[in-house]
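Topology and contacts: notes
Here's the letter readout for the chains.
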Amino acid sequence: MRSTPLHPVARLPEEWSASLAARGERSFAAKQVFHWIHRRGILDPAAMTNLPARLREHLAAEGLGEVLTPERVHRSEDGTRKLLLRLHDGATIETVLLPSVSGPGSQAQLDADAAAADDEDDEADAQAGATPRTRVTQCISTQVGCAMGCGFCASGVAGLKRHLGAEEIAGQVLLGRAMLEEGEDLRNVVYMGMGEPLHNYEATARSLRLLTHPEGINLSTRRVTVSTSGLVPEIARLGADFGGQIALAISLHAADDETRSALMPINRKYPLDALLAALRAYPLPRRRRITVEYTLVAGQNDDPAEARRLAKLLRGLPVKINLIPMNPIEASSLGPPGQERVAAFQEVLTEAGYSCFVRRRRGDDVSAACGQLVLLGAKPKVRRALG
Ligand code: SAH
Ligand code: SF4
């Protein structure tokens, strides 16, 4: 629970109705305010031209305004853009825009469910004679740093500085959408940036309601993926609160407790037995699958025997597996295995009948790849300054 009052950007339409009705405003005003913020991405009350002046003044007095200040855009050769954003208290977070690419290990393979939805959209576009558009996936952060302490992850090494509010989580998408380029559509949002979303459950759940609200950004729930290191009670809560509609990705990274606890301290609290039970109990809709993320760390979890254990562990669960060769981080001597070792690991899983892909490194030259979202920005080359 957050003890601070709810930020206006974090309010849902029914909450606007209640607060504005109490002030004697027309009931339609609640919808208008929510539209300005979440459909049009306008956070400055002075620009909300169809509202009466006294209401605009009231909104400004309540603190409605920009929640994130874009500081820099780092643009990678492969089209990936990392945005460095400053929060009201001076802390910085990052969000990444990933335009779709084709070929092995592409975005489409990364999110098979979303890809199926994309195919349906492409067909509709083709029938309407429309030119194909570039699909963009946005990766967002939920905390400044992270308390989970995974040794291969820059956020984990940094430790938790603070939780983000729902307005700061959803605000990243409002900004990301505003920064799309010609021909691009924001299609998927993945909670895979800095932080552990389920450790900041209230704000994460509220941001999911905001992003998927039909009066707002209106993302389809199957296009929104929450990635977790395995907080068992909150996996159940997410499943219950959203009826299993939100896509789930689980950072597994090992198939035995000893190996997993060495890489991920959270495993000591919620070992594999409990985690697998939570995944089995997740009320997944038919034909949808859980994404298993497996960061391959040389000498730690990359043995073919571990792949065989993994195949056994996941037996019977509807999953797709993403193998991610570890992106090196400055604070750790851990690193990725060689290509042959990655291929051997993948082959064991493919032979066992799993759909298993090696995730391409995207945005490597701007440290936008997984686990490289660092706290204070900006060692990488600045390709383009904002504004
Ligand atoms: N805390 C959540 C979501 C953010 S991390 C989670 O752990 O799932 C998103 C993904 O990036 C996780 O699967 C995580 O294990 C992976 N990751 C973190 N550091 C990485 C690194 N250095 N190289 C490759 N993947 C990494
Ligand atoms: Fe936190 Fe996820 Fe990084 Fe682990 S991998 S430290 S849970 S952000």
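Note: the structure precedes this text.
Reference entry: report on the structure contained in this document. Counting starts from 1 at the beginning of each chain's written sequence and moves along it residue by residue. Ligands are numbered from 1 and chains lettered from A, in the order in which they are written. The predicted nature of this model means local features are confined to residues of pLDDT at least 70 and side-chain atom pairs, given and counted, to a pLDDT of 80 or more, with totals for whole chains, interfaces and linings taken over all residues. Side-chain calculation: all heavy atoms of the structure are included, whereas hydrogens and water are not.

1. Points about the overall build of the chain
Looking only at helices and strands, the chain features 14 helices and 12 strands. When checking whether two residues touch, look at their non-hydrogen atoms; a contact exists if any pair is within 4.5 Å. Across the chain, contacts joining residues at least 24 apart in sequence account for 71% of those joining residues at least 6 apart. All accessible areas in this document rest on Shrake-Rupley with a 1.4 Å probe, and a residue is counted as covered only by the protein chains that are shown. Of the roughly 16,400 Å² that the chain leaves accessible, carbon and sulfur atoms contribute 51%. A run of H or I in DSSP counts as a helix once it spans at least four residues, and a run of E counts as a strand once it spans at least two, with each numbered from the N terminus.

2. Observations regarding the site of ligand 1
Here a residue is considered near a molecule or strand provided that any single heavy atom belonging to it is located within 4 Å of it. Close to ligand 1 lie 21 residues; Phe152, Ser227, Ser251, His253 and Asn327 are nearest. Under the rule applied, a polar contact is a pair of N or O atoms within 3.5 Å (in protein, one hydrogen donor and one hydrogen acceptor; residues adjacent in sequence only if both atoms are side-chain atoms). In the model, a nitrogen atom of ligand 1 is placed 3.3 Å from a nitrogen or oxygen of the Glu196 side chain. At a separation of 3.5 Å, an oxygen atom of ligand 1 approaches a polar backbone atom of Thr228. Summarising the interface, the protein chains cover 95% of the accessible area of ligand 1, which totals 530 Å² for the free molecule. Looking at the shell around ligand 1, the elements that each hand over two or more residues are strand S8 (224-228) and strand S10 (290-296). Counted by class, the shell around ligand 1 contains 9 nonpolar, 10 polar and 2 charged residues. Under this grouping Gly is polar, as are all residues other than the nonpolar Ala, Val, Leu, Ile, Met, Phe, Trp, Tyr, Cys and Pro and the charged Asp, Glu, Lys and Arg.

3. Some words on the pattern of salt bridges
The term salt bridge refers to a pairing of a side-chain nitrogen on Lys or Arg with a carboxyl oxygen on Asp or Glu at a separation within 4 Å. Applying the stated criterion across every chain yields a total of 19 salt bridges. Across the pair Glu181 and Arg81 runs a salt bridge whose closest N-O atoms are separated by 3.8 Å. On the criterion of sequence distance, the pair formed by Glu181 in the loop between helix H7 (166-178) and strand S7 (184-191) and Arg81 in strand S2 (residues 81-86) is long-range, its members being 100 residues apart. When accessible area is computed with a 1.4 Å probe and restricted to protein chains, residues below 20% of their type maximum are described as buried, those above 50% as exposed, and intermediate ones as partly exposed. Residue classification places Glu181 among the partly exposed positions, given a relative accessible area of 31%. Overlapping salt bridges, with partners in common, bring together Arg75, Arg81, Glu181 and Glu184 in one network.

4. Focus on the site of ligand 2
Around ligand 2, the neighbouring residues are Cys146, Met148, Gly149, Cys150, Cys153, Gly156, Gly195, Glu196 and Ser229. Classifying every residue of the shell around ligand 2 gives 4 nonpolar, 4 polar and 1 charged.

5. Quick look at helix H14 (residues 339-351)
Along an α-helix, a turn takes 3.6 residues, which lines up residues three or four apart on a common side. End to end, H14 covers 18 Å across 13 residues, agreeing with the expected 18 Å (1.5 Å per residue, within 8%). When H14 is considered as a whole, its buried residues turn out to be Val342, Phe345, Val348 and Leu349. On an axial view of H14, the arc spanned by its buried residues comes to 125 degrees, and they lie on one face. Looking at H14, the residues exposed on the side facing more than 90 degrees away from the buried face are Gln339, Glu340 and Glu351. For H14, the elements touching its buried residues are S10, helix H13 (304-313), strand S11 (319-325) and strand S12 (355-358). Here the expected span of a helix is defined as 1.5 Å times the quantity of residues minus one. This arc is taken over the directions from the axis of the helix to the C-beta atoms.

6. Overview of the side chain of Ser227
For Ser227, the position within the fold is in strand S8. Residue Ser227 is classed as buried on the basis of its relative accessible area, which comes to 8%. Of the polar contacts made by the side chain of Ser227, one reaches the side chain of Glu293; its length is 2.7 Å. Setting aside anything within four residues of it in sequence, one finds Ser227 in contact with Tyr191, Met192, Glu196, Pro197, Ala249, Ser251 and Glu293.

7. Side note on the environment of His58
Relative to the elements of secondary structure, His58 occurs in helix H3 (residues 53-61). For His58, a relative accessible area of 16% puts it in the buried group. Linking His58 and Leu20, residues 38 residues apart in sequence, is a C-alpha distance of 9.9 Å. Residue contacts for His58: discarding those within four places in its chain leaves Leu20 and Arg23. At 3.2 Å, the side chain of His58 and the side chain of Arg23 are in polar contact.

8. Observations regarding the packing of H7 against helix H8 (residues 201-211)
Every angle, taken between N-to-C directions, lies between 0 and 180 degrees, and every axis is a line fitted to C-alpha atoms, over only the stretch in contact when it is a helix. Axis separation between H7 and H8 bottoms out at 8 Å; the angle between their running directions is 40 degrees. In this view, H7 runs oblique relative to H8, as classed from their interaxial angle. Between H7 and H8 lies a crossing whose hand is right-handed. Between H7 and H8, the residues in contact are Ala166, Ile169, Ala170 and Val173 and Ala203, Thr204, Arg206, Ser207, Leu210 and Leu211, respectively. When its residues are assigned to classes, the contact of H7 with H8 shows 7 nonpolar, 2 polar and 1 charged. Here roughly perpendicular refers to angles of 65 to 115 degrees, roughly parallel to angles under 35, roughly antiparallel to angles over 145, and oblique to all remaining angles. A crossing counts as left-handed when the near helix is turned anticlockwise from the far one by less than a right angle, and as right-handed when that turn is clockwise.

9. Details of the nonpolar core
Buried Ala, Val, Leu, Ile, Met, Phe, Trp, Tyr and Cys residues form a nonpolar core when they are joined through side-chain atoms within 4.5 Å. If you look at the biggest cluster of nonpolar residues, it comprises 98 residues, and the most contacted ones within it are Ile37, Tyr191, Leu238, Leu314, Ile321 and Leu349. Looking at which domains feed residues into this core, each of domain 1 (8-61) and domain 2 (69-366) supplies at least three. With 6 residues, the next largest nonpolar core counts Leu98, Cys139, Val190 and Met192 among its residues. What fixes the domain bounds is an automatic or database domain assignment.

10. Observations regarding the environment of Leu55
Inspection of the secondary structure puts Leu55 in helix H3. On the accessibility criterion, Leu55 (0% relative accessible area) is buried. Residues Leu55 and Ala29, 26 residues apart in the sequence, show an inter-C-alpha distance of 9.0 Å. Those residues in contact with Leu55 that sit more than four places away from it in its chain are Leu20, Glu25 and Ala29.

11. Thoughts on the pairing of strand S3 (residues 92-99)
Of all 8 residues in S3, 8 are buried; the element is thus mostly enclosed. Pairing of S2 with S3 involves 6 bridges; the strand directions are antiparallel. Note that in S3 the partner of Arg86 across the bridge is Thr92. Being paired, for any two strands, means DSSP has found at least two bridges between them. Between the end of S2 and the start of S3, which pair antiparallel, lie 5 residues, with Gly90 showing a positive phi angle near 95 degrees.

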